[in-house]
Amino acid sequence: MVILILLLALSAWAIVATVVELRRDGYRQEPTDWTRLGGRDTLDRAESGHTYR
């Protein structure tokens, strides 16, 4: 029973630590800045018979 309580406490601590670190990290979804990509189009590198969009 003691091991189960310790395992639950460790799990709770890990979840809280993960949330705190993700908030500190500044991770956010941001749209791609297409002006920073190279001059080639994605379709230029595509193999024949395949379409990448």
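Relevant structure appears above.
Numbering of residues starts from 1 in each chain and follows the order in which that chain's sequence is written. With the structure being a predicted model, the display of local features is reserved for residues of pLDDT at least 70 and the display and counting of side-chain atom pairs for 80 or more, all residues being used for whole-chain, interface and lining totals. The side-chain values count all of the structure's non-hydrogen atoms but skip hydrogen atoms and water molecules.

K.L.:
An account of the overall build of the chain is needed here, citing residue identities and associated values.
P.N.:
To qualify as a helix, a DSSP run of H or I must reach at least 4 residues; to qualify as a strand, a run of E must reach at least 2; elements of each kind are numbered from the N terminus. Scanning the chain from terminus to terminus reveals one helix and zero strands. Per-residue and other accessible areas follow the Shrake-Rupley method at a 1.4 Å probe size, with only the shown protein chains counted as cover for residues. For the chain, the computed accessible surface area is about 5,700 Å², with 58% contributed by carbon and sulfur atoms.

K.L.:
Run through a nonpolar patch on the surface, naming residues and quoting values.
P.N.:
Within this analysis, patches are made of residues with over 30% relative accessible area and no salt bridge. Like charges are joined at 9 Å or less; nonpolar side chains (Val, Leu, Ile, Met, Phe, Trp, Tyr) at 5 Å or less. Take a side-chain nitrogen of Lys or Arg and a carboxyl oxygen of Asp or Glu: if they are within 4 Å of each other, that pair is a salt bridge. Among the surface-exposed residues, Met1, Leu4, Ile5 and Leu8 lie close enough to one another that they form a single nonpolar patch of about 470 Å² accessible area. Structurally, leucine 4 is set in helix 1 (residues 2-25). The rule is simple: take the accessible area with a 1.4 Å probe, protein chains only, and divide by the maximum for that residue type; under 20% is buried, over 50% is exposed, in between is partly exposed. With relative accessibility at 46%, the residue leucine 4 sits in the partly exposed group.

K.L.:
Account for helix 1, with residues named and values stated.
P.N.:
Counted at 1.5 Å a residue, the expected span for helix 1 with its 24 residues is 34 Å, and the 34 Å between its end C-alpha atoms agrees. With zero of 24 residues buried, helix 1 is to be regarded as a mostly surface element. Given the number of residues in a helix, its expected span is that number minus one, multiplied by 1.5 Å.

K.L.:
Mind laying out the pattern of salt bridges, listing which residues take part and the relevant values?
P.N.:
Pairing of side chains with opposite charge becomes possible as their charged atoms draw close. Applying the stated criterion to the full structure yields one salt bridge. Note that arginine 24 and glutamate 21 form a salt bridge whose closest N and O atoms lie 3.2 Å from each other. Linking arginine 24 with glutamate 21, this pair stays in helix 1, spanning three residues, or about one helical turn. When its relative accessible area of 46% is taken as the criterion, glutamate 21 is described as partly exposed.

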